Amino acid sequence: VHHILTAEQFTPDELEALFLSADKFLESDQTITARREVMQRHRGRVVITTFYEPSTRTRISFEVAALKLGFQVAGTENAAEFSSAAKGETIEDTARVLGYGDVLIFRTSDDGEAMRAAAVSEVPIINGGDGKGEHPTQAALDMYTIFREFGRLDNLNVAIMGDLKYGRTARSLAQLLAKYPGNHISFVSTPELQIGDDIKAILDESGTTFEETSEMYDALREADVVYQTRLQLERHKDKKISVGQSHFILDASALDVMKKDAIIMHPLPRNEELPISTDADPRARYFSQARNGLYVRMAMLDKIMKTRP
Ligand code: CP
């Protein structure tokens, strides 16, 4: 069974094929005739989305991707309350029971839960974000966005900013950047919210250079890609830090020092770290990045079905 659980599992060849497929779905989405044709691809199949944590982009773009491919969609968007998890059912039992779907997409509160589901599932599982662990489909769409902008995924200077301890998108993106030569990552955060040692070990092993810094302006001056993230306050159980304390706000003075041909990304949702005034900057790409997610997720669902009857 082919699952999508971690960013680590993607090879550059697989990503390239995925991006070509996403390009095709983007193109076919432009006319109603082509849309109707694409809708025939997976008629008779069912995607089940089970989201234990809130989501706008991941759940709805997966559901729209599925509908555009002809799947029918079932599931629940507040599974912590509306599914039998509220009565103590485990993720393993949930995955076993939902095996009447053709693909199961989970967002979970705890790290590793999608992997636990995959260990017992007879149908493909997609990790739509597990706790502070991973968000592999987000990282793939992030790389697609970078590829569409620069025409390459190597030899890039990327500033990944914000809450890197609890932000799973940053963790997954760093792993994909490590698969290409010559990339340099500046992790911009406060010392207490820096990226995990497990990710740093992966970067070391791949020879990807990186630095950990609190000097946002220095990192911004060098960056081709500025990847901002929000504080994951829902996961700050111990001490809540404010964006003001973190000093990492992409405001006019930050934009001022950035390269003219850099791009600004953010997985969204955003808070004060990405002011609305920044939307007018020609380097802002976060809304096209979110849109790209639809086509990358169509490509993923289409590919995953190749392993199914
Ligand atoms: N980027 C992202 O995962 O957004 P949602 O939480 O809205 O799905």
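Note that the structure is a prediction, hence the values are computed from the model and not measured.

(A) Geometry of the environment of threonine 145. Tracing the sequence through the fold places threonine 145 in helix 7 (residues 136-150). Distance in space between the C-alpha atoms of threonine 145 and arginine 285 is 8.3 Å, their sequence separation being 140 residues. Threonine 145 has contacts with Met265, Gln289 and Asn292, leaving out every residue within four places of it along the chain. At 2.8 Å, the side chain of threonine 145 and the backbone oxygen of leucine 141 are in polar contact.

(B) View of the packing of aromatic side chains. Scanning the model with the defined rule gives 5 aromatic pairs in all. Look at phenylalanine 187 and phenylalanine 210: their rings are 6.0 Å apart centre to centre, the planes differ by 65°, and that puts the pair in the edge-to-face class. Of this pair, phenylalanine 187 sits in strand 6 (residues 184-188) while phenylalanine 210 sits in strand 7 (residues 209-213), and the two are 23 residues apart along the sequence. On the basis of relative accessible area, phenylalanine 187 is assigned to the buried category, the value being 0%. You can call phenylalanine 210 partly exposed: its relative accessible area is 22%.

(C) The arrangement of the site of the ligand in detail. Every residue close to the ligand is listed here: Ser55, Thr56, Arg57, Thr58, Arg107, His135, Gln138, Pro267 and Leu268. Side-chain polar atom of arginine 107 to an oxygen atom of the ligand: 2.8 Å apart, as the coordinates give it. Burial of the ligand by the protein amounts to 92% of the accessible area it has alone, namely 250 Å². When the residues that make up the shell around the ligand are grouped by side-chain class, the tally is 2 nonpolar, 5 polar and 2 charged.

(D) Up close: the pairing of strand 7. Bridge analysis of strand 6 against strand 7 gives 5 bridges, and the strand direction is parallel. Considered in strand 7, the bridge of histidine 184 is made with threonine 209. Read from strand 6 through helix 9 (residues 197-206) to strand 7, the crossover connection turns out right-handed.

(E) Representation of the pattern of salt bridges within the structure. The tally for this structure, following the rule as stated, stands at 21 salt bridges. The residue aspartate 281 makes a salt bridge to arginine 283 at a minimum N-O spacing of 2.9 Å. Arginine 283 carries the same exposure label as aspartate 281, and that label is buried. Taking the shortest distance from any N to any O, the salt bridge between lysine 306 and aspartate 302 comes out at 3.7 Å. When salt bridges with common partners are traced through the structure, they connect Asp29, Arg35 and Lys68 into a single cluster.

(F) Region of interest: the nonpolar core. Among the nonpolar cores identified, the biggest contains 56 residues, and Leu18, Met143, Ile160 and Leu301 are the most heavily contacted of them. Among the elements that make up this core, the one with the highest residue count is helix 13 (residues 286-304) (8 residues). Residues contacting isoleucine 160, with those up to four places away along its chain left out, are Ala170, Leu173, Ala174, Leu177, Ile185, Ser186, Phe187, Val188 and Tyr227. Counting residues in hydrophobic clusters, the runner-up holds 18 residues, among them Val188, Leu220, Ala223 and Ala262.

(G) Region of interest: the sheet that holds strand 4 (residues 125-130). Taking strand neighbours across the sheet as the criterion, the 4 strands line up as 2-1-3-4 in an open arrangement whose pairing is parallel. Where the open sheet ends on each side, the last strands, each with one partner, are strand 2 (72-76) and strand 4. The average angle at which neighbouring strand axes cross in this sheet is 15°, direction not considered. Relative to strand 4, strand 3 (residues 103-108) runs parallel, the two being bridged by 4 bridges. When the bridges of strand 4 are listed, threonine 108 appears paired with aspartate 130.

(H) Representation of the packing of helix 7 against helix 8 (residues 168-177) in the model. At a minimum axis distance of 8 Å, the contact between helix 7 and helix 8 shows a crossing angle of 55°. When the axis of helix 7 is compared with that of helix 8, the two are oblique. Crossing hand, helix 7 versus helix 8: right-handed. Contact with helix 7, carried on its side by Pro136, Gln138, Ala139, Ala140, Asp142 and Met143, involves Thr169, Ser172, Leu173, Leu176 and Leu177 of helix 8 and no other residues of that element. For the contact of helix 7 with helix 8, the class distribution of residues is 7 nonpolar, 3 polar and 1 charged.

(I) Local environment of the side chain of threonine 49. By the secondary structure assignment, threonine 49 is in strand 1 (residues 46-51). Residue threonine 49 is classed as buried on the basis of its relative accessible area, which comes to 0%. Here glutamate 63 takes part through its side chain, which lies 2.5 Å from a polar atom of the side chain of threonine 49. With residues near it in sequence (within four places) discarded, threonine 49 still touches Arg59, Glu63, Val73, Ala74, Gly75, Thr76 and Ile105.

Conventions we followed
Residues numbered from 1 in each chain as written. Predicted model: local features only at pLDDT ≥ 70, side-chain atom pairs only at ≥ 80, totals over all residues. Heavy atoms only, no water. Helix = DSSP H or I, 4+ residues; strand = E, 2+ residues; numbered from the N terminus. Contact = heavy atoms within 4.5 Å. Polar contact = N/O pair within 3.5 Å; in protein donor to acceptor, adjacent residues only side chain to side chain. Phe/Tyr/Trp six-rings, centres within 6.5 Å; stacked < 30°, edge-to-face > 60°. Buried < 20%, exposed > 50% of the residue type's maximum accessible area, 1.4 Å probe, protein only. Near = heavy atom within 4 Å. Areas by Shrake-Rupley, 256 points an atom, 1.4 Å probe, with all protein chains shown as cover. Nonpolar A, V, L, I, M, F, W, Y, C, P; charged D, E, K, R; others polar. Pairing = 2+ DSSP bridges. Right-handed = clockwise from strand over helix to strand, strands pointing away. Salt bridge = Lys/Arg side-chain N within 4 Å of Asp/Glu carboxyl O. Core = buried A, V, L, I, M, F, W, Y, C linked by side-chain atoms within 4.5 Å. Axes fitted to C-alpha atoms, helices over the stretch in contact; angles between N-to-C directions. Parallel < 35°, antiparallel > 145°, perpendicular 65-115°, else oblique. Left-handed = near helix turned anticlockwise from the far one by under 90°.

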